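Observations on chain architecture
Residue-level listing of the chains:
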Amino acid sequence: MPGKTILFTSGKGGVGKTTSTANIAVALAAHDPNLNICMIDMDIGLRNLDIQLGLENRIVYNLVDVVEGTCKVKQALVRDKRLPNLSLLPAAQTRDKTAVTPDQMVQLVSELREMFDLVLIDCPAGIEQGFHNSAAAADEAIIISTPEMSAVRDADRVIGLLESYPRKISCWLIINRLRPSMVKTNDMMSVDDVLEILGIRLLGVVPEDEKIIVATNKGEPIALSSKNGGAGQAYRNIAMRLTGVEVPLLDVFNEKQNIFVRQLNKLKSLIKFG
Amino acid sequence: MATNLSVANIIDLSRYESWVEAYQELLHLLSTRRNFWGNASLNLRLASYDLTPEDVADLKRVILEFDLNVLQVQTNSFAALKSLKEAGFRTAPAPARSKSGSNVSKAARLQTQSEKTLIPQDLPPFQLNGKTVVLGGSESIALRSGNQISHNGNLVIIGDINPGCEIRTTGSIIVYGKISGNIHSGFGITDDYQLSQIFIKALKMTNPLQLSIGPYSASYGTDLEAHDKLRFYPQTAVIRQNQIWLTPDFS
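Report follows, based on the coordinates. Sequence positions are assigned chain by chain, starting from 1 and proceeding in written order. The order in which chains are written sets their letters, starting at A; the order in which ligands are written sets their numbers, starting at 1. Local features are withheld for residues below a pLDDT of 70 in this predicted model, meaning they are given only at 70 or higher, and side-chain atom pairs are given and counted only at 80 or more; totals for whole chains, interfaces and linings count all residues.

Contact between two residues is assigned when their C-beta atoms, built from the backbone, lie within 7 Å. Counting residues at the interface gives 11 residues for chain A and 12 residues for chain B. Among the secondary structure elements, those contributing two or more residues to the side of chain A that touches chain B are α7 (149-163) and α9 (191-198) of chain A. Put simply, DSSP H or I for four residues or longer makes a helix, DSSP E for two residues or longer makes a strand, and each gets a number counted from the N terminus. The element contributing the most residues to the side of chain A that touches chain B is α7 of chain A, with 5 residues. Under the grouping applied here, Gly and all other residues not named as nonpolar or charged are polar, the nonpolar ones being Ala, Val, Leu, Ile, Met, Phe, Trp, Tyr, Cys and Pro and the charged ones Asp, Glu, Lys and Arg. In terms of residue class, the side of chain A that touches chain B is made up of 4 nonpolar, 2 polar and 5 charged.

Here the focus is the nonpolar core. Membership of the largest hydrophobic core comes to 83 residues, with the highest contact counts inside it found for Ala-25, Ile-37, Leu-63, Ile-143 and Tyr-235 of chain A. The contact partners of Ile-37 of chain A, leaving out residues within four places of it in the chain, are Ala-25, Leu-28, Ala-29, Asn-85, Leu-86, Phe-116, Asp-117, Leu-118 and Leu-120 of chain A. By definition, a nonpolar core groups buried Ala, Val, Leu, Ile, Met, Phe, Trp, Tyr and Cys residues that connect through C-beta atoms lying within 7 Å of each other. Exposure is read from a count of other C-beta atoms within 10 Å of each residue's own; the residue is exposed at 12 or fewer, buried at 20 or more and partly exposed in between. C-beta atoms are placed from the backbone. Counting residues in each nonpolar core, the second largest holds 31 residues, with Val-133, Leu-135, Cys-165 and Met-205 of chain B among its members.

Residues and elements named next belong to chain A. Taken N-terminus to C-terminus, the directions of helix α1 (residues 17-31) and helix α12 (residues 230-242) make an angle of 65°; their axes are 8 Å apart at the nearest point. Here α1 runs over α12; the crossing is right-handed. From α1, Asn-23, Ile-24, Ala-27, Leu-28 and His-31 reach across to α12, where they touch Tyr-235, Arg-236, Ile-238, Ala-239, Met-240 and Leu-242. Of the residues belonging to the contact of α1 with α12, the class tally is 8 nonpolar, 2 polar and 1 charged. Interaxial angle, 0 to 180 degrees, is taken between N-to-C directions of lines fitted to C-alpha atoms, where a helix line uses only the stretch in contact. A crossing counts as left-handed when the near helix is turned anticlockwise from the far one by less than a right angle, and as right-handed when that turn is clockwise.

Residues and elements named next belong to chain A. The element strand β8 (residues 201-207) is largely enclosed, with a buried count of 5 among its 7 residues. Bridge count between strand β7 (residues 170-178) and β8: 5 bridges; the pairing is parallel. Within β8, the position partnered with Trp-172 by the bridge is Arg-201. We call two strands paired when DSSP finds no fewer than two bridges between them.

Residues and elements named next belong to chain A. Of the residues making up helix α10 (residues 211-218), those classed as buried are Ile-212, Ala-215 and Thr-216. Summarising the axial view, the buried residues of α10 lie within an arc of 100°, below the 170-degree limit, and thus occupy one face. The outward face of α10, more than 90 degrees from its buried face, is lined by the exposed residues Ile-213, Val-214 and Asn-217. Of the surrounding elements, those touching the buried residues of α10 are α1, α2 (49-53), α11 (222-225) and α12. One or two positions beyond α10, positive phi appears at Gly-219, with a value near 75°. Comment: arc refers to directions from the helix axis out to C-beta atoms.

Right under this line is the structure:
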């Protein structure tokens, strides 16, 4: 049975498409060792997914080489060093988005579907050629948006474009980089505010987490390296939901409250000592 | 420009072949458009699948949770009718399906046609004697950023207009939902009497970028004098004394 293709897109840049792709992929691969997963970095000319996974020094061939017939698909795939069931098809760094056409992508993805259970496509920002190349072969789309009006409007545009495709692509939403403290003070859009505009199914909410920056620089996705709580837990929960397991949404507000209560208790104990 | 429309509140789930899919879609519809549905009175249309008492209990729980007033459940399954009746629902047979697969309803067909003809990017030339069309219908739609609609006549939209969407009509616009886009009614009209007949009605006006009637336009929060609290009530925008006025509308 051919595998399923999931597109990670957002419209706006810098909202966490690549980070989400890397983390959800490793969480899925770690959860089920029998699930063969392939990631495709479609950001030709500005590739990043290899850095997030710590695979940048193992790339020999890339996506454009495969499409142009310079090498076979298997030669270009880079297997993850930690998870043998996870592979990456990296983007070319020296070319641009016009090096590939939507028809070539459909053909490439149909070949990958025979080899893998799940194909995850990391879409570049924007709605030009790179977006259409990525969306051409997708069965489902995960829309990443931050709780900002600019990101939400771009996500809305992308959902409208995906809905206009003749093939039905079902859309899911991940709200990334949510700061519960700012939501409480009405300085940031809440999950409900975003859902009211976009009106698509919510897959998960990922809180803002400083550890993401460290993990990205090290090339160790936070979904593998972190323990309970935070963004790592949120990504692991999202991966579980993708496999069909019902996991409640991460209670980011209470988590912050607990930290606050902990700080208050610390303060109280200090005063007691004094 | 007289508007004479009756919109049946039907949630049509008959295109889903299994109850599980229909139930998931119902939950999605209600949860993502919680404000839109409110405590609405509506009919529920299901396909011919058998419902067990447990399924009916699930349905009842959802109805209670979203505070809906279900007038009637339409289905052609004998077992489902029995379970629903036992649970206290009013039931009715579902209408036959047409050859094209959609339920037979002239209004529904008009809606689908109008969606097909209105949403394309090519803008048709405007005419004053246009007709009233309905976008949406049994399910609320979302007109998203980048969508561009133009129409000769009156337009009724059942759903939300998101920021970045542009709508232009020669007649009036009624939105059973929220407006946050660029709305222009009475496009190309300059006659004062005709302009006085044109309006824009919406259940909720939340910061639309621009609201225009004929040659007049206003931006919410700057030119339009509306109290913040009014945002969450149905409002009508009309032209009075060469200005756009927003008034609460509970008609």
